[in-house]
Amino acid sequence: MRLKTADILKHIARGLAVLLLFGAILFVLYSRLLTGREAREFSGVVTEKWISISETDEGTKLFPRILVKTDGGELIKISVDFETYERLQISMRVNHDSRGVKVETPR
């Protein structure tokens, strides 16, 4: 049984579509894991703060988090240390860069 040229082209097109989809998924996952959302620089306002709790066989661990609404309107969750968490209040302006979160001082 011989395949027609049209059938061969359909199989090739399907294979390329699957490869393209797989490549796009890998690219998205790689870019999210490699750069992370926290690697970006932005300014915004603290809209929420909370402490996540993780319980393991080794005990309970606490992870302070804040939610920042950037000047561009994006909502970003950020892990912070306990000192920063205690200092920050809802509606405070913050700057974020590779060194972490800093409270923006009024001018």
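Further up the page is the structure itself.
Residue numbers restart at each chain and count upward from 1, following the sequence in its written direction. Reporting of local features is limited, given that this is a predicted model, to residues whose pLDDT is at least 70; pairs of side-chain atoms are given and counted only at 80 or more, and all residues count toward the totals for whole chains, interfaces and linings. In computing side-chain properties, one takes all heavy atoms of the structure into account and sets aside hydrogens as well as water.

Visitor: Give a description of the nonpolar core that names residues and reports values.
Guide: Phe42, Val46, Ile66, Val68, Ile76, Ile78, Val80, Tyr85, Leu88, Val94 and Val101 together form the largest nonpolar core, which totals 11 residues. Runs of H or I in DSSP of at least four residues are treated as helices and runs of E of at least two as strands, each being numbered from the N terminus. Sorting the residues of this core by element identifies β1 (42-56), β2 (59-70) and β3 (75-79) as the ones contributing at least two each. Here the nonpolar core consists of buried residues drawn from Ala, Val, Leu, Ile, Met, Phe, Trp, Tyr and Cys, with membership extended through side-chain atoms lying within 4.5 Å. When accessible area is computed with a 1.4 Å probe and restricted to protein chains, residues below 20% of their type maximum are described as buried, those above 50% as exposed, and intermediate ones as partly exposed.

Visitor: Give a description of the pairing of β3 that names residues and reports values.
Guide: Only one face of β3 is buried: it carries Ile76 and Ile78, and the other face, with Leu75, Lys77 and Ser79, is open. At least two bridges found by DSSP between two strands are what make those strands a pair. The pairing of β2 with β3 spans 5 bridges and is antiparallel. Bridge pairing in β3 links Lys69 to Leu75. The turn joining β2 and β3, which pair antiparallel and follow one another in sequence, is formed by 4 residues; a positive phi near 95° is taken by Gly73.

Visitor: Hey, could you go over the pattern of salt bridges for me, with residue numbers and the actual values?
Guide: Salt-bridge detection follows one rule: a side-chain nitrogen of Lys or Arg within 4 Å of a carboxyl oxygen of Asp or Glu. Evaluation of the coordinates by the stated rule reveals 2 salt bridges. The partner of Arg93 in a salt bridge is Asp71, with the nearest N and O atoms 3.0 Å apart. Here Asp71 lies in the loop between β2 and β3 and Arg93 lies in strand β4 (residues 93-97), a separation of 22 residues in the sequence. Residue Arg93 is classed as partly exposed on the basis of its relative accessible area, which comes to 29%. When its relative accessible area of 55% is taken as the criterion, Asp71 is described as exposed. Asp97 is the partner of Arg99 in a salt bridge, and the nearest nitrogen-oxygen pair spans 2.9 Å.

Visitor: Pulling in residues and values, what's your account of the packing of aromatic side chains?
Guide: Aromatic pairing here means that ring centres of Phe, Tyr or Trp (its six-membered ring) are within 6.5 Å. Orientation follows from the plane angle: under 30 degrees is stacked, over 60 is edge-to-face, and everything else is tilted. Under the defined criterion, the tally for this structure stands at 0 aromatic pairs. Sitting over a ring, as applied to charges here, requires NZ of Lys or CZ of Arg to be within 6 Å of the ring centre and within 35 degrees of the ring normal. Against the face of Tyr85 rests Lys49, its NZ or CZ located 4.3 Å from the ring centre.

Visitor: Any chance you could break down the sheet that holds β3 for me, citing the residues and the numbers?
Guide: The 5 strands are arranged β3-β2-β1-β4-β5 in an open sheet whose pairing can be described as antiparallel. With one partner strand each, in any of the chains shown, β3 and β5 (100-103) form the two edges of the open sheet. Going across the sheet, the axis of each strand differs from the next one's by a mean of 40°, ignoring polarity. The sheet contact formed by β4 and β5 spans 4 bridges and is antiparallel. Bridging from a neighbouring strand, Asn95 pairs with Lys102 of β5. Angular values range over 0 to 180 degrees, each being the angle between N-to-C directions of two axes fitted as lines to C-alpha atoms, with helices fitted over their stretch in contact.

Everything listed here is a matter of coordinates, which is why it stays silent on function.
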